[in-house]
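What follows is the residue order along each chain.
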Amino acid sequence: MATPSDSTLPAPAFRARSSAYLIGIIVCVILMSGLLFGYDQGVISGALSGIKRALGLSPLLIEVVTSWVTLGALFGSLAAGELADRIGRKKTVLTAAVLFILGALIQASAPHTAVLVAGRLVVGFGVGVAAVAAPLYGSETAQATWRGRLVSAYQMAITIGIFLAYLVNGALSDGADWRMMLGLAAVPGILLALFALAAPESPRWLIKQGRPEAARNILARLLNKDDCQAELNEIENALRLEAGAVSWREVFKPIYRKPLAIGIGLAVFQQVTGINAIIYYANPIFAASGFATPEAQAAATTWGIGATNVLSTLIAIAFIDRIGRVPLLLAGLIGMGASLATVGLAFQFFEAPGDDATYGATITVVALVIFIASFAFSLGPVVWTVINEVFPSRVRSRGVAISTAVNWAAAFVVSEFFLSLVQVLGRPFTFWLFALLCLVGWIWIYRKVPETKGRSLEEIEQLWHDPSVNTVRP
Ligand code: BGC
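Since this is a predicted model, take the numbers as computed values, not measurements. The residue numbering used here restarts from 1 in each chain and proceeds along that chain's sequence as written. Reporting in this predicted model follows two pLDDT cut-offs: at least 70 for local features of residues, and 80 or more for side-chain atom pairs to be given and counted; totals over whole chains, interfaces and linings ignore these cut-offs and use all residues. Side-chain metrics in this entry use all non-hydrogen atoms of the structure; hydrogen atoms and water are not considered.

S.K.: Provide a residue-level description of the layout of surface pockets, including the pertinent values.
M.R.: Computed from the structure, the second largest pocket encloses a volume of approximately 420 Å³. Lining the second largest pocket are 24 residues, and of these Leu-48, Lys-52, Asn-283, Pro-284 and Ile-285 lie nearest its centre. Under the DSSP-based scheme used, a helix requires at least four consecutive residues in state H or I and a strand at least two consecutive residues in state E, with every element numbered from the N terminus. Elements with a contribution of two residues or more to the lining of the second largest pocket: helix H2 (44–55), helix H13 (275–288), helix H14 (294–319), helix H18 (396–425) and helix H19 (427–448). Partitioning the lining of the second largest pocket into residue classes produces 13 nonpolar, 7 polar and 4 charged. Here a cavity denotes grid points, spaced 1 Å and computed from the protein atoms alone, that fit a 1.4 Å probe unable to get out, and a pocket denotes an open set having protein on both sides within 12 Å along at least 5 of 7 lines; residues with an atom within 4 Å of a point are the lining. Grid points are joined across faces, edges and corners, and a volume is the space filled by probe spheres set on the points. Ten residues, namely Ala, Val, Leu, Ile, Met, Phe, Trp, Tyr, Cys and Pro, are considered nonpolar, four, namely Asp, Glu, Lys and Arg, are considered charged, and the remaining ones, Gly among them, are considered polar.

Written out as structure tokens, the structure is:
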């Protein structure tokens, strides 16, 4: 490709302003996508009681209304990889924003359950599209020096979205304003659409489309002259290596077996250890453990779950590159398993109303705070980080899309069947089952997941050719 001449590059002062502006827009796109993802995950726990009263839902329909966002997200994440390649990263994020707005409006105005469920599916599809497209867009437009922090910021935005949803739930405490709760998601949806419209397209995608001039214009606004040329060369080299279409089937070839197993395994353990059972059903869990009023339940959910989730994510951001991914995962699973076992015990021994119920409520709150904190510094951010690191570049976008879809499928199964599980097994055994799965996850991660801290993506790629990879620890 031609070297850009000095005259085609913007003047340094303009470039600095323009660069800060573009980076700001890119960061806003990522944060707003995470925020919407989190808001849509969290808001249902507060809206449920109002929906139940207004539409007279059966337990099965309650599960459907709760969990079909996840089902939509499963299909959205599978579609996103394809869409992002065809129409570009920017327009894919824009599509997600339009789906968020549409879904929010459909839910807010739903005259009956079927329309509400349709709205949940539309929003879910948007969540899935955003969950793949936003980190992909971010990782392609960000520079290596701030790429890692951008992915962590995305997870942080998810937790802030959940926290905001809980605050809204608390403010509209008895769920009567459920239409408002669900409809409010249109506001950040509109903001995301505006940011996406102002955002630059991914230079990498533009080059892939045979539009190097457009890519160079964007890079010239983001970087200085030397970095701009180096980045163009790097993208072109990487694309040359990826020559030839990659099919879905290729991801399942034996040479990619190990990274695929790790991506899928981590995606499954992040969900089957119970996070979204707690995120979605926090209020009813607190109600069952002795919090009598909706206000008390909402406060326990907002501060015990929501705020703890945000703050503990900061621990991961601080330590993920220092002590590594595997130690954080293993430590987190110990905290999660122990606290889930304790919640089971609290339900077993203190469920009867009376004085003991206060003990039960206290123990449950403390244990769930420890559970959320342990998840937020480990499986929450670390799983997404590792999923985005383990796949060789040739199959990365497909591998990430498959792992993300499996994550949603597992989330769907857990949220769909949690209430039924409670009915069949009882509360104590349901929580003990989650605790047992933490133990299984711990053993699997200890044996199968290599440490990726401090390794370049190429070094990680080399790991899969090493027969002793399962025990490699730097
Ligand atoms: C998970 C979500 C979960 C959220 C909670 C994310 O990493 O993928 O399913 O609701 O963390 O903070």
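S.K.: Just give me the short version of helix H5 (residues 113–141), but keep the residues and values in it.
M.R.: Helical geometry: 3.6 residues make up each α-helical turn, so side chains three or four residues apart lie on a common side. The terminal C-alpha atoms of H5 lie 41 Å apart, and with 29 residues this matches the ideal 42 Å at 1.5 Å per residue to within 8%. A residue's bend is simply the angle between two axes: one fitted to the seven residues ending at it, one to the seven starting at it. Of all the bends in H5, the greatest measures close to 25° and is centred on Ala-130. The cut-offs for exposure are 20% and 50% of the maximum accessible area for each residue type, with area from a 1.4 Å probe on protein chains only; residues under the lower value are buried, those over the upper are exposed, and the others partly exposed. The element H5 is extensively covered by neighbouring structure, given that 22 of its 29 residues are classed as buried. Here a helix's expected span is defined as the number of its residues, less one, multiplied by 1.5 Å.

S.K.: Go over the pattern of salt bridges with me, naming the residues and quoting the values.
M.R.: The salt bridge definition used is simple: a Lys or Arg side-chain nitrogen within 4 Å of an Asp or Glu carboxyl oxygen. Here the structure, examined in full by the defined rule, presents 6 salt bridges. Here Asp-85 ties to Arg-89 by a salt bridge, and the two come within 3.0 Å at their closest N and O atoms. According to the relative accessible area criterion, Asp-85 is partly exposed, its value standing at 28%. Overall, the relative accessible area of 4% leaves Arg-89 in the buried class. A salt bridge links Arg-216 to Glu-213; the shortest N-O distance between them is 2.5 Å. A residue pair is termed a helical-turn pair when its members lie 3 or 4 positions apart in one helix, as Arg-216 and Glu-213 do in helix H10 (residues 212–222) at 3 residues. We classify Arg-216 as buried; its relative accessible area is 7%. Ionic contacts of the salt-bridge type, sharing partners, join the residues Glu-82, Arg-86 and Arg-398 into one network.

S.K.: I'd like a rundown of the environment of Leu-329, residues and numbers included.
M.R.: Positionally, Leu-329 belongs in helix H15 (residues 325–350). Its relative accessible area of 0% is what places Leu-329 among the buried residues. In this structure, the C-alpha to C-alpha distance between Leu-329 and Ser-374, residues 45 residues apart in sequence, is 9.0 Å. Whether two residues are in contact is decided by their heavy atoms: any pair within 4.5 Å suffices. Leaving out residues up to four positions away in the same chain, Leu-329 has contacts with Leu-266, Ser-378, Leu-379, Val-382, Val-383 and Ile-445.

S.K.: Lay out the packing of aromatic side chains in plain terms, naming residues and giving numbers.
M.R.: For any pair of aromatic rings, geometry is given as the distance between the ring centres together with the angle between the planes. A pair of Phe, Tyr and Trp rings is counted when the ring centres sit within 6.5 Å of each other, with Trp represented by its six-membered ring. The angle between the planes then sorts it: under 30 degrees is stacked, over 60 is edge-to-face, the rest tilted. The full count for this structure, using the stated rule, is 12 aromatic pairs. A ring pair is formed by Phe-37 and Trp-408, whose centres lie 5.2 Å apart and whose planes are at 40°; its orientation type is tilted. With Phe-37 in helix H1 (residues 12–42) and Trp-408 in helix H18, this pair connects stretches of sequence that are 371 residues apart. When its relative accessible area of 2% is taken as the criterion, Trp-408 is described as buried.

S.K.: Can you explain the environment of Phe-319? Please cite residues and give values.
M.R.: With respect to the element layout, Phe-319 can be found in helix H14. Residue class for Phe-319 comes out partly exposed when judged on its relative accessible area of 33%. Residues Phe-319 and Phe-377 lie 58 residues apart in sequence; the distance between their C-alpha atoms is 8.8 Å.

Geometric descriptors of this kind do not, in isolation, establish any biological role.
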